[in-house]
Amino acid sequence: MRGVLSGGGHGASGDVDGLILLRTGLLNEVEMRAQERVARVGAGVKWGQVPAAAGPLGLTGLCGSAIRSTVRSAVS
Ligand SMILES: Cc1cc2nc3c(=O)[nH]c(=O)nc-3n(C[C@H](O)[C@H](O)[C@H](O)COP(=O)(O)OP(=O)(O)OC[C@H]3O[C@@H](n4cnc5c(N)ncnc54)[C@H](O)[C@@H]3O)c2cc1C
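Residues numbered from 1 in each chain as written. Predicted model: local features only at pLDDT ≥ 70, side-chain atom pairs only at ≥ 80, totals over all residues.

Novice: With reference to specific residues and values, describe the pairing of strand β3 (residues 30-33).
Specialist: Sheet topology note: the β3/strand β4 (residues 38-41) ladder contains 4 bridges and is antiparallel. Note that in β4 the partner of R33 across the bridge is V38. Hairpin connection of β3 to β4: 4 residues between the antiparallel strands, including R37 at a positive phi of 55°. (Pairing = 2+ DSSP bridges. Helix = DSSP H or I, 4+ residues; strand = E, 2+ residues; numbered from the N terminus.)

So this is what it looks like as structure tokens:
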């Protein structure tokens, strides 16, 4: 039995018969270390959460237009 990761599901496609779908939505922690200019995000963090957390610190992160897709899937 194979497993496949599912973030926001925005790019979902293909045949998933026989697969276990692993949803990452609850791994949604965002940690910003402004002085180091580092962001640490969980596997289920959606892009919309990043500017919301970074903006008050004067930082931002580049993302696509689909803010409900996860950060991790965009770099996988
Ligand atoms: C029809 C279509 C229209 C699109 N339109 C837009 C658009 O308008 N704007 C835009 O910005 N983007 C668009 N996209 C691109 C889409 O946003 C990306 O595919 C994005 O990566 C999807 O994110 P998601 O979190 O929904 O991932 P999912 O769709 O859930 O997964 C995408 C891939 O990432 C893998 N993955 C998910 N989570 C993890 C993880 N934690 N670790 C490793 N791998 C992981 C999955 O296994 C899968 O292979 C579109 C895609 C499609 C198919």
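Novice: Please provide a residue-by-residue account of the environment of T24, values included.
Specialist: Along the polypeptide, T24 turns up in the loop between β2 (19-23) and β3. Spatially, the C-alpha atoms of T24 and G44 are 4.5 Å apart, while their sequence positions differ by 20 residues.

Novice: Provide a residue-level description of the nonpolar core, including the pertinent values.
Specialist: In this structure, V41, V45, W47, V50 and V71 together form the largest nonpolar core, which totals 5 residues. Setting aside its immediate chain neighbours within four residues, W47 contacts C63, I67, S69 and V71. (Core = buried A, V, L, I, M, F, W, Y, C linked by C-beta atoms within 7 Å. Buried ≥ 20, exposed ≤ 12 C-beta atoms within 10 Å, placed from the backbone. Contact = placed C-beta atoms within 7 Å.)

Novice: Tell me about the pairing of strand β1 (residues 2-6), and name the residues and values.
Specialist: The element β1 is largely exposed, with a buried count of 0 among its 5 residues. The pairing of β1 with β2 spans 5 bridges and is parallel. Looking at β2, one finds that V4 is bridged to L21.

Novice: Lay out the site of the ligand in plain terms, naming residues and giving numbers.
Specialist: The ligand sits among 21 residues. The nearest are G7, G8, G11, G64 and S69. Taken together, the elements giving at least two residues each to the shell around the ligand come down to β1 and α2 (71-74). For the shell around the ligand, the residue count by class is 6 nonpolar, 14 polar and 1 charged. (Near = placed C-beta within 6 Å. Nonpolar A, V, L, I, M, F, W, Y, C, P; charged D, E, K, R; others polar.)

Functional significance is not addressed by these values, which are geometric in nature.
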